[in-house]
Amino acid sequence: MKTGGASLVFLLAAGVTLTSALAGGQVWAMTGSVDAGILSGCAVAAVLAVAARALYGQISRAGRKQMFATTEELQEGEFVEIRDPLQDSAQAVVAAKAQDRPDRVAGSVRAMMSTKNKTTRKR
């Protein structure tokens, strides 16, 4: 994971600042005390600054080594084809299914034909 040092520092600092401001604002809204909101915001900022510094140190020590790399090869069976049902016409879907599983399609067609030809009127 190759990252620029300045951009990573900026993102970590922005995350610490915004999170501590949100925490302080939440305490201020719950208690109504500005002092409690400022103190809790500063406390959250201090804790997050220590955590961000440790994270930055871990990333910088890793250097050019890829942190989240895997050595496993992907198998073709692990992929899934996703189709949009609104784009596919009913005829194309039936044709594709007929090529995949002809025995099931034939049974479905027989079932539709047998119920279609039966009369449902009661005498």
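1. Quick notes on the overall build of the chain
No. 1: A count of helical and extended segments in the chain gives 4 helices and 0 strands.
No. 2: Taken from N to C terminus, the helices and strands of the chain fall in the order α-α-α-α.
No. 3: The burial tally for the chain puts 10% of its 123 residues in the buried class.
No. 4: Partitioning the intrachain contacts of the chain with sequence separation of at least 6 by distance along the chain shows that 58% fall at a separation of at least 24.
No. 5: Summing over all exposed atoms, the chain offers an accessible surface of approximately 11,000 Å²; the carbon and sulfur share of this is 61%.

2. Remarks on the side chain of Ser-40
No. 1: Note that Ser-40 resides in helix H2 (residues 34–62).
No. 2: Overall, Ser-40 belongs to the buried group, its relative accessible area being 19%.
No. 3: Sequence-distant contacts of Ser-40, defined by excluding residues within four places in its chain, comprise Ala-23, Gly-24 and Val-27.

3. Regarding the nonpolar core
No. 1: Of all hydrophobic cores here, the largest spans 5 residues; its members are Leu-8, Leu-12, Val-16, Ala-52 and Ile-59.
No. 2: Of all elements in the fold, only helix H1 (5–31) and H2 reach the threshold of two or more residues within this core.
No. 3: Broken down by element, this core gets its largest block of residues, 3 residues, from H1.

4. Notes on the side chain of Ser-20
No. 1: Inspection of the secondary structure puts Ser-20 in helix H1.
No. 2: Relative accessible area serves as the criterion here: at 10%, Ser-20 is assigned to the buried category.
No. 3: At 2.9 Å, the side chain of Ser-20 forms a polar contact with the backbone oxygen of Thr-17.
No. 4: With sequence-adjacent residues up to four places away left out, Ser-20 is seen in contact with Gly-41, Val-44 and Ala-45.

5. Some thoughts on the environment of Ser-40
No. 1: As for Ser-40 and Gly-24, which are separated by 16 residues in sequence, their C-alpha atoms are 5.4 Å apart.
No. 2: A distance of 3.0 Å separates a polar side-chain atom of Ser-40 from the backbone oxygen of Gly-37.

6. Comments concerning H1
No. 1: Compared with an ideal rise of 1.5 Å per residue, which puts 27 residues at 39 Å, H1 spans 39 Å between its outermost C-alpha atoms and is within 8% of the ideal.
No. 2: Those residues of H1 that fall on the buried side of the exposure criterion are Leu-8, Leu-12, Val-16, Ser-20 and Gly-24.

7. Remarks on the confidence of the model for the chain
No. 1: Mean pLDDT over the chain: 77, with 69% of residues reaching 70 or higher.
No. 2: Mean pLDDT across the elements of the chain ranges from a minimum in helix H4 (residues 102–117), with 67, to a maximum in H1, with 89.

The rules we used
Residues numbered from 1 in each chain as written. Predicted model: local features only at pLDDT ≥ 70, side-chain atom pairs only at ≥ 80, totals over all residues. Heavy atoms only, no water. Helix = DSSP H or I, 4+ residues; strand = E, 2+ residues; numbered from the N terminus. Buried < 20%, exposed > 50% of the residue type's maximum accessible area, 1.4 Å probe, protein only. Contact = heavy atoms within 4.5 Å. Areas by Shrake-Rupley, 256 points an atom, 1.4 Å probe, with all protein chains shown as cover. Core = buried A, V, L, I, M, F, W, Y, C linked by side-chain atoms within 4.5 Å. Polar contact = N/O pair within 3.5 Å; in protein donor to acceptor, adjacent residues only side chain to side chain. Expected span 1.5 Å × (residues − 1). pLDDT = per-residue confidence, 0-100.

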